[in-house]
Amino acid sequence: MDTKILLPESEIPRQWYNVVADLPHPPAPPLGPDGNPVGPEALSPLFPMDLILQEVSSQQFIDIPDEVRDIYRLWRPTPLYRAHRLEKALGTDAHIYYKYEGASPAGSHKANTAVAQAYYNKKSGISRLATETGAGQWGSALALACALFELELQVYMVRVSYDQKPYRRSLMESWGAHVASSPSTLTGAGRSVREHDPDSAGSLGIAISEAVEDAASRADTHYSLGSVLNHVLLHQTVIGQEAQKQMAMAGEYPDVVIASCGGGSNFAGIAFPFLRDKLGGRRVRLLAVEPTACPTLTKGRYMYDYGDTAGMTPLLKMYTLGHNFVPPGIHAGGLRYHGDAPLVCQLYDEGLVEARAYPQKPVFEAALLFARSEGILPAPESAHAIRAAIDEATSGAARVILFNLSGHGHFDLSAYDQYLRGELVDYEYPSALVESALAELTSHHFGPRSS
Ligand SMILES: *Cc1c(COP(=O)(O)O)cnc(C)c1O
């Protein structure tokens with residue numbers, strides 16, 4: 001039985017899979033401030049037309065441009081591993097497989113969409129991008145992509161991560177990006193938060209407001225988002241398509257496919273190609289895993305809300321903790337977003353995908369067991385999926401398990417340090433924070449509310 005299942009370069013997917021084509025119900029459209037659906041043209045100050053067309057497309061497969069596929073060849077196809085040593089450590093009969101997206105130069109799955117977005121922006125004549133980053137993973141991925149396509153990049157990095165992860169900033173700057181701690185003084189949105197809360201730890205919602213404002217106010221600049229939007233989820237489906245071929249090479253099919261869920265693109269990337277099988281009648285469970293400190297799917301409300309704190313984005317129908325929700329400063333910074341991808345939320349609402357939340361400590365415990373048996377030190381975000389995979393295996397809930405190891409943890413050593421010193425604390429569901437953020441939302445009259 002092989003430990004590492006490799007595909008040849010020729011098996012890098014030639015198309016992205018668009019789940020919209022196969023949904024049981026059409027997706028709820030984004031709404032403008034007047035409560036009416038926004039057309040593609042409303043997005044044109046922020047995104048190139050190729051990406052806008054992907055955002056609204058219902059075509060089942062979309063060709064990957066040769067220029068993008070050429071760069072994918074630097075690290076794709078990524079390996080699929082059978083976790084023999086972890087299985088042994090657990091004493092389980094379950095078969096555990098993981099797809100390793102930490103193989104990209106930026107260290108996570110986020111490079112898959114960063115390269116595509118940089119390519120389409122370059123092609124449209126744009127010379128500069130603005131974006132936000134939480135843990136620094138997305139900023140790093142886009143900095144890499146912008147270096148490869150010779151674009152300028154301004155990154156607004158959530159302050160708690162900027163302070164906790166100085167080496168992520170060094171990595172972005174090494175690839176040529178400019179990095180500001182958010183809330184910053186560079187934008188009106190940042191200045192206004194600092195006025196009200198000088199000690200603000202920042203949040204993805206605030207950093208998005210800053211990046212959107214930056215892009216909207218300059219003709220040479222577009223905005224780029226690392227998760228949540230349909231086109232981002234689309235680009236990530238190279239993961240699941242490769243994994244399907246690799247599982248077939250192993251002669252198995254997963255009972256459950258697991259991934260951590262921040263904005264949802266990582267989960268969608270591995271799960272959506274399998275969801276297509278499921279809609280075709282195959283039995284497979286799809287499990288999204290989130291932190292209890294930011295429990296969007298498991299404790300959020302399904303309604304229209306803004307994607308950012310300042311309310312500059314269109315309203316998206318999603319499970320949300322409220323766009324003013326500032327989650328506790330946990331170490332899985334990539335999972336600290338108040339909402340989730342509308343496509344993932346719709347599928348969760350329809351019962352086609354499952355969700356589960358874990359506190360930090362059991363997640364780090366799983367991370368160390370994994371590092372000590374499989375060798376790879378996982379990103380804290382990815383360790384949420386490991387925790388769930390272990391629990392699925394040891395409870396007997398699943399026999400063949402596939403999870404996405406979305407990134408390595410080489411820039412998260414201060415978090416590991418804290419855990420090893422016994423200083424890491426668990427934030428259970430911060431119900432008071434969520435309630436107050438949601439209370440502000442109910443004063444909006446947008447959209448129907450279910451659950
Ligand atoms: C960003 C990130 C995630 C979460 O990704 P989403 O697509 O936003 O859900 C998971 N793992 C790692 C390593 C990340 O960097």
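Fair warning: this is a prediction, and the values are worked out from it, not measured in the lab.

## Digging into the packing of helix α11 (residues 238-249) against helix α12 (residues 265-279)
Angle between the axes and distance between the axes are the two parameters that describe a pair of packed helices.
Part 1 of the argument: Look at α11 against α12: their axes get within 6 Å of each other, and the N-to-C directions meet at 60 degrees. Relative to α12, the element α11 lies oblique. Viewed along their axes, α11 and α12 form a crossing whose handedness is right-handed. Judged by residue contacts, Ile-239, Gly-240, Gln-241, Ala-243 and Gln-244 of α11 engage Gly-269, Ile-270, Pro-273, Phe-274 and Asp-277 from α12.

## Some points on the confidence of the model for the protein chain
Regions with low pLDDT carry predicted coordinates that are not meant to be interpreted in detail.
Part 1 of the argument: Predicted confidence across the protein chain gives a mean pLDDT of 94, with 98% of residues reaching 70 or more.
Part 2 of the argument: Counted against residues more than four places away or in other chains, residues 445-451, with its pLDDT under 50, gives 19 contacts.

## Brief notes about the sheet that holds strand β6 (residues 128-133)
Part 1 of the argument: Taken in spatial order, the 4 strands make up an open sheet running β8-β7-β6-β9, and their pairing is parallel. Both edges of this open sheet fall to β8 (178-182) and β9 (221-223), since each of them pairs with a single strand only. The mean inter-strand angle of the sheet, taken between neighbouring strand axes irrespective of direction, is 25 degrees.
Part 2 of the argument: By the bridge criterion, 5 bridges tie strand β7 (residues 152-158) to β8 in an arrangement that is parallel. Residue pairing across strands places Gln-154 opposite His-178, the latter belonging to β8.
Part 3 of the argument: The strands touched by helix α5 (residues 137-149) within the sheet are β6 and β7, with β6 carrying the most contacts at an inclination of about 160 degrees.

## Some remarks on a nonpolar patch on the surface
Part 1 of the argument: A contiguous nonpolar patch, built from Met-49, Leu-53 and Val-56 and spanning about 270 Å² of accessible area, is present on the exposed surface.
Part 2 of the argument: Locating Val-56 in the fold gives a position in the loop between α1 (49-55) and β3 (61-63).
Part 3 of the argument: Note on Val-56: relative accessible area 47%, which makes it partly exposed.

## A closer look at the layout of surface pockets
Part 1 of the argument: One number sums up the size of the largest pocket: a volume of about 590 Å³.
Part 2 of the argument: Forming the boundary of the largest pocket are 32 residues, of which Pro-30, Glu-55, Leu-229, Asn-230 and Leu-316 lie nearest the centre.
Part 3 of the argument: Elements represented by at least two residues in the lining of the largest pocket include exactly α9 (204-216), β13 (315-320) and α14 (342-349).
Part 4 of the argument: Ranked by residue count, the leading element in the lining of the largest pocket is α14, at 3 residues.
Part 5 of the argument: Taken together, the residues that form the lining of the largest pocket break down as 23 nonpolar, 7 polar and 2 charged.
Part 6 of the argument: A domain-level breakdown of the lining of the largest pocket finds at least three residues from each of domain 1 (44-51 + 110-229) and domain 2 (63-107 + 231-442).

## Details of the site of the ligand
Part 1 of the argument: The environment of the ligand is formed by 18 residues, the closest being Lys-110, Gly-262, Ser-265, Asn-266 and Ser-406.
Part 2 of the argument: Within the contact set of the ligand, an oxygen atom lies 2.8 Å away from a backbone nitrogen or oxygen of Asn-266.
Part 3 of the argument: Bound to the protein, the ligand loses 98% of the 380 Å² it would expose on its own.
Part 4 of the argument: The pocket occupied by the ligand, as judged from atoms lying within 2 Å of grid points, is the largest cavity.
Part 5 of the argument: The residue inventory of the shell around the ligand, partitioned by class, reads 3 nonpolar, 13 polar and 2 charged.
Part 6 of the argument: Mapped onto the domain boundaries, the shell around the ligand takes at least three residues apiece from domain 1 (44-51 + 110-229) and domain 2 (63-107 + 231-442).

## Examining the pairing of β13
Part 1 of the argument: Within β13, 6 of the 6 residues are buried, which leaves it mostly tucked inside the rest of the structure.
Part 2 of the argument: When strand β12 (residues 301-306) meets β13, the two strands line up antiparallel, connected through 6 bridges. The residue bridging Met-303 from the neighbouring strand is Met-318, located in β13.

## What about the domain arrangement of the protein chain?
For an interface, size is often stated in terms of accessible area lost upon the parts coming together.
Part 1 of the argument: The domain architecture assigned to the protein chain consists of domain 1 (44-51 + 110-229) and domain 2 (63-107 + 231-442).
Part 2 of the argument: Between domain 1 and domain 2, the residue contacts involve 41 residues of the former and 47 residues of the latter.
Part 3 of the argument: Here domain 1 meets domain 2 over a buried area of about 3,500 Å², counting both sides, of which 63% is carbon and sulfur.
Part 4 of the argument: Taken as a group, Asn-112, Val-228 and Leu-229 account for 20% of the area that domain 1 buries against domain 2, more than any other trio of residues on that side.
Part 5 of the argument: At the junction of domain 1 and domain 2, the tally comes to 1 salt bridge.
Part 6 of the argument: At the boundary of domain 1 with domain 2, the tally comes to 19 residue pairs in polar contact (both at pLDDT 80 or more).
Part 7 of the argument: It is helix α4 (residues 111-123) that provides the largest number of residues to the side of domain 1 that touches domain 2, a total of 8 residues.
Part 8 of the argument: Within the side of domain 1 that touches domain 2, the residues separate by chemical class into 24 nonpolar, 13 polar and 4 charged.

Cut-offs applied
Residues numbered from 1 in each chain as written. Predicted model: local features only at pLDDT ≥ 70, side-chain atom pairs only at ≥ 80, totals over all residues. Heavy atoms only, no water. Axes fitted to C-alpha atoms, helices over the stretch in contact; angles between N-to-C directions. Helix = DSSP H or I, 4+ residues; strand = E, 2+ residues; numbered from the N terminus. Parallel < 35°, antiparallel > 145°, perpendicular 65-115°, else oblique. Left-handed = near helix turned anticlockwise from the far one by under 90°. Contact = heavy atoms within 4.5 Å. pLDDT = per-residue confidence, 0-100. Pairing = 2+ DSSP bridges. Patch = residues over 30% accessible without salt bridge, like charges linked within 9 Å, V, L, I, M, F, W, Y side chains within 5 Å. Areas by Shrake-Rupley, 256 points an atom, 1.4 Å probe, with all protein chains shown as cover. Salt bridge = Lys/Arg side-chain N within 4 Å of Asp/Glu carboxyl O. Buried < 20%, exposed > 50% of the residue type's maximum accessible area, 1.4 Å probe, protein only. 1 Å grid on protein atoms, 1.4 Å probe; cavity = no way out; pocket = protein on both sides within 12 Å on 5 of 7 lines; lining within 4 Å. Points joined across faces, edges and corners; volume = space filled by probe spheres on them. Nonpolar A, V, L, I, M, F, W, Y, C, P; charged D, E, K, R; others polar. Domains from an automatic or database assignment. Near = heavy atom within 4 Å. Polar contact = N/O pair within 3.5 Å; in protein donor to acceptor, adjacent residues only side chain to side chain. Sits in = over half its atoms within 2 Å of the grid points. Buried area = accessible area lost by both parts, 1.4 Å probe.

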